[in-house]
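Observations on the three-dimensional arrangement
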Amino acid sequence: MPAPPHLVPRPARLAPLPGHFTLDHGTTVRADPGAQAALDLLRTLLAPATGLPLTPAETGDVVLALDPRLVGAGGPGDEGYDLSVTPYRILLRARRPAGLLHGVQTLRQLLPVEALLGTPQRRDTWPLPCAEITDGPRHPWRGAMLDVARHFQPAAYLRRYVDLLALHKLNVLHLHLTDDQGWRMPVPAYPRLIEIGSRRPRSMAGPAGSTTYDPTPHEGSYSRAELTGLVAYAAERGVTVVPETELPGHTRAALAAYPELGNDPGARLGVWTDWGVCENVLGVHDRALAFCRDVLDEVMDVFPSRHVHIGGDECPTTEWARTPTAYDRIRAEGLDGPGALRAWFLTRAGRHLREHGRTPTAWAETGAELPPWFTVMTWRDPAHARTAARRGHAVITGDHRATYFDYAQSTEPSEPPAQPGAVVGLRAVHGHDPAPPHWDPQERARVIGAQGNVWTEFVTDPSHIEYLSFPRLCALADRTWTGPSDWGDDFLPRLRAHGARLDALGVPHRPLDAEAPTEERTPTKEKTP
Ligand code: TNX
C-alpha cells in the first residue's frame, strides 16, 4: 500500500489505495440535492490556482451527495463525511452539509500544494492519491478566539482567518468584540459606543503596569453589514462566528461612552489605554441591565449562533464595594455581599439570552460560580474544567498554559513581543487533552471542545496574528478533530508536510524544523489572577 497522505487534522480513518484520480479541464461534477453549497465552495477554493471549470454533468466524475443513512466514523454526527477517491471517480458523501464542507477541505489537502496558491498555475493536471476516508470530529467545538478589541482588524482580514480555520476543520471563530480598550460593534440605541468607545488616544507600551505609552491613537469598528457578511461567509465554510461582548467587567470603553452605566455617573473615564485588569465595571442598577439587554438583542440579531458569549472574566468588586446603591441590590436580591454580584449579573444577562433560545457562554473563574445552564470556558486552571463538568456545565477548555497563543512559542530571543509569564510551546498544545481519560465518562461527555485564544495586547497586524496562530492551531485542530497522536512519529511528519500548505497560503508561521521530536514539555509559570 502507498504511504498515507499527510493531512492536518488526521482523518479518523484513512486507507490509502494505489493510483490517482486526476482533475483536469475535462473533469465533470455533480452535486446532488443539498450538496450545491459544498460544490460552490470547492469551485471557489480551487479557481484561483487551477482555473478548472469543473463542468456540471449528470454523470459527474466528482460527485457530492448528502446521505442521511451514513453513519461515518465521527461521533457527533453532523460534521462527518465519507470520501472515496478511485482512479475513475471521487465520491464525497455526508449526512449533513457541514460534513461535505469538511470533505472539501480534505480534497484540497489531497491535491498538490500549488492548488492552494492564489494565482494561476502552469499545470493542466491535478492528481489526488486514491484513498478511502471515513472521518468525523471528536469534539463539536473546535475554535479560535480572536481579540479584535485590543487591536482592531478589518472585516476582510477576519474572512481570511475564517478560511485558515476552515482549512483545519476548525468550526468556531470566537470574536472578542469589546473590552476596556475598545468597543467594536455598533448598537443603534447607543451610538457613542462607537463614536467614543472605538478609539483610544494611545496604548501602553509593554506589559500591564508599564509606565510608557505608544502615542499612536488606535481605532476601528465594524458596520452591521460587515458583521452579517462575515457570519454568512463563515457559514459557507462550516464556521460559526460566536460573538463576545464582555459584561460586567472589561467594560471601560462602554463606560467612557456612557458614564451613567457605571458606579459613579460623575466620573469622566476615557477608553482605557493600559493593559491588565481595570477596576471600572458596570453598575448593578436597572439602567446597566437595560443596556445589557439592548446590546444582547443587537448581538442576537446580527449573530445567529446558538452560543452567545458574555465575557465575565476578571471582574473586580472594588467599585461595588464602595457604592451604596450596590448594597441596595445586594439586600433586595438576598446576596452575600459585593462578591456575589458578578454571578448575579451574569445570571441576569444569561437569562435574557436563554429566553431567546440562546446558550449563554462565559469565562469561568473557578468553574463553580455560574448556573449550570451556562456553557463555560475554563482558562485559569485545568482543574476548573472538571469542576465545571461535575457541576453540569458544557465546557470548552482554554487552559492558558496550552491554548493562550499570546504567550511566546519558545524562549528564543527572536520571538516577537508576547504576553510575559509563560511559554506555550507547540508540544503543550499538542498534549492538551480537553477531557482526560481518568475523568468519569459523564464528566468527559460534558467537554464539548477546546479553543486557541489570541489576545492582542501586543499584536497589531495580521502577520503577527498568523505567526502566533500557526502552527499552534494545527495542533489544536488535530487534537480536537482527531484526538491524541504520536508527537514524533505521526504529528510532526504530517505537520512538516503541512508547512508547505501554510507557505503556499502565505501564512507566516514559526519554523517547523524548530520542533525537535524529542523536545520535552516546556515548563510554564502560573497565571496570576
Ligand atoms: C486574561 S483570559 C484575560 C484577557 C487578557 C489575557 C492575556 C481572560 C478571560 N482574560 O483579558 O488579554 O489574560 O493573556
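So, a few notes on the structure that sits alongside this text. Quantities reported herein were computed from a predicted structural model and do not represent experimental measurements. Per-chain numbering applies: the sequence of each chain, read as written, is numbered from 1 onward. Totals for whole chains, interfaces and linings use all residues, but because this is a predicted model, local features are given only for residues with pLDDT of at least 70 and pairs of side-chain atoms are given and counted only at 80 or more. With hydrogens and water excluded, all non-hydrogen atoms of the structure serve as input to the side-chain values.

Let's shift gears to the overall build of the chain. The way it works is that DSSP assigns letters per residue, a run of H or I at least four long becomes a helix, a run of E at least two long becomes a strand, and they are numbered from the N terminus. Regarding its fold elements, the chain presents 17 helices and 23 strands. Here the C-alpha coordinates of the chain stretch approximately 75 × 50 × 50 Å along the principal axes. Think of it in three bands: with a 1.4 Å probe and only protein chains considered, a residue is buried below 20% of the maximum accessible area for its type, exposed above 50%, and partly exposed in between. Here the chain holds 529 residues, and 59% of them are scored as buried. By the convention used here, residues are in contact when the closest approach between their heavy atoms is within 4.5 Å. Within the chain, counting contacts between residues at least 6 apart in sequence, those at least 24 apart form 73% of the total. Charge-centre separation for the chain: the mean point of 55 positive side chains lies 3 Å from the mean point of 63 negative side chains. When charges are tallied, Lys and Arg are placed among the positive residues and Asp and Glu among the negative ones, while His and the ends of the chain are skipped. Each charge is placed at NZ for Lys, CZ for Arg, CG for Asp and CD for Glu.

By the secondary structure assignment, H393 is in the loop between helix 11 (382–391) and strand 20 (394–397). Residues H393 and T375, spaced 18 residues apart in sequence, show a C-alpha to C-alpha distance of 5.7 Å. Other than its neighbours up to four places away in sequence, H393 contacts G367, L370, P371, P372, F374, V376, A388 and R446. A polar contact is formed between the side chain of H393 and the backbone oxygen of L370, at a distance of 3.3 Å. Any N or O atom pair separated by 3.5 Å or less is treated as a polar contact, with the protein-specific requirement of one donor-capable and one acceptor-capable atom, and with residues adjacent in sequence counted only for side-chain atom pairs.

Take the packing of aromatic side chains next. Two rings from Phe, Tyr or Trp (for Trp, the six-membered ring) form a pair when their centres sit within 6.5 Å of each other. Planes less than 30 degrees apart are called stacked, planes more than 60 degrees apart edge-to-face, and all others tilted. Taken as a whole and judged by the stated rule, the model has 13 aromatic pairs. For the ring pair W183 and F291, a centre distance of 6.0 Å and an interplane angle of 55° mean the geometry is tilted. Here the residue W183 occupies a position in strand 11 (residues 182–183), and F291 occupies one in helix 7 (residues 286–302), the gap between them amounting to 108 residues. Exposure class is identical for W183 and F291. Each is buried. Ring geometry for W344 versus F345: centroids 6.2 Å apart, planes at 85°, classification edge-to-face. In this pair, the class of W344 matches that of F345, namely buried. Through a chain of ring-to-ring contacts, three or more aromatic side chains come together here, namely W363, W379, Y404, Y407 and W455. The ring centre of W126 lies 5.1 Å from the NZ or CZ of R123, which sits over that ring. Cation placement over rings: the criterion is NZ of Lys or CZ of Arg within 6 Å of the ring centroid and within 35° of the ring normal. For the cation-ring pair, K169 lies above W481, with the distance from its terminal atom to the ring centre recorded as 5.8 Å.

Being near a molecule or strand, for a residue, means having at least one of its heavy atoms within 4 Å of it. Surrounding the ligand, one finds twelve residues, the nearest of these being R150, D313, Y404, D406 and E457. With respect to the ligand, the side chain of E314 contributes an N or O atom lying 3.4 Å from a nitrogen atom. Within the side chain of Q419, a nitrogen or oxygen atom sits 3.5 Å from an oxygen atom of the ligand. Here the ligand has 370 Å² of accessible area as a free molecule, and 96% of this is covered by the chains. Think of it as three bins: nonpolar holds Ala, Val, Leu, Ile, Met, Phe, Trp, Tyr, Cys and Pro, charged holds Asp, Glu, Lys and Arg, and polar takes everything else, Gly as well. For the shell around the ligand, the residue count by class is four nonpolar, two polar and six charged. Surface accessibility follows the Shrake-Rupley procedure with a 1.4 Å probe radius. Residue values consider only the protein chains on display as shielding.

With that out of the way, let us pick up the sheet that holds strand 4 (residues 62–66). Spatially, 1-7-5-6-4-2-3 is the arrangement adopted by the seven strands of the open sheet, whose pairing is mixed. Where the open sheet ends on each side, the last strands, each with one partner, are strand 1 (13–23) and strand 3 (55–56). With eight bridges connecting them, strand 1 and strand 7 (residues 126–135) associate as antiparallel partners. Bridging across to strand 7, P16 finds its partner in A131. Strand contacts of helix 1 (residues 36–50): strand 1, strand 2 (28–31), strand 3, strand 4 and strand 7, with the helix running at about 150° to strand 2, the strand carrying the most contacts. Paired strands, as defined in this entry, are two strands with at least two bridges between them according to DSSP. Angular values range over 0 to 180 degrees, each being the angle between N-to-C directions of two axes fitted as lines to C-alpha atoms, with helices fitted over their stretch in contact.

As a further point, take the packing of helix 9 (residues 324–333) against helix 10 (residues 341–355). Here helix 9 crosses helix 10 at 75°, and the two axes come no closer than 11 Å. Taken together, the axes of helix 9 and helix 10 are roughly perpendicular relative to one another. Within the contact between the two elements, helix 9 uses A326, R329, I330 and E333 and helix 10 uses L341, W344 and R348. Broken down by class, the residue content of the contact of helix 9 with helix 10 amounts to four nonpolar, no polar and three charged. Oblique is the label for any angle not covered by the other classes, which are roughly parallel (under 35 degrees), roughly antiparallel (over 145) and roughly perpendicular (65 to 115).

In this section: the environment of G249. One can find G249 in the loop between strand 16 (240–247) and helix 6 (252–257). In this structure, the C-alpha to C-alpha distance between G249 and G51, residues 198 residues apart in sequence, is 50 Å.

Let us now look at the pattern of salt bridges. Salt bridge, as used here, is a side-chain nitrogen of Lys or Arg placed within 4 Å of a carboxyl oxygen of Asp or Glu. Inspection of the entire model under this criterion finds 32 salt bridges. Salt-bridge contacts for E219 lead to R199; the nearest nitrogen and oxygen are separated by 3.9 Å. In this pair, E219 sits in strand 15 (residues 218–219) while R199 sits in strand 12 (residues 199–200), placing the two residues 20 residues apart along the sequence. Accessibility expressed as a relative area gives 37% for R199, which makes it partly exposed. A salt bridge links D286 to R329; the shortest N-O distance between them is 2.7 Å. In this pair, D286 sits in helix 7 while R329 sits in helix 9, placing the two residues 43 residues apart along the sequence. Classification of R329 by relative accessible area gives buried; the value is 14%. Salt bridges linked by common partners bring R10, D478, D490 and R494 together as one network.

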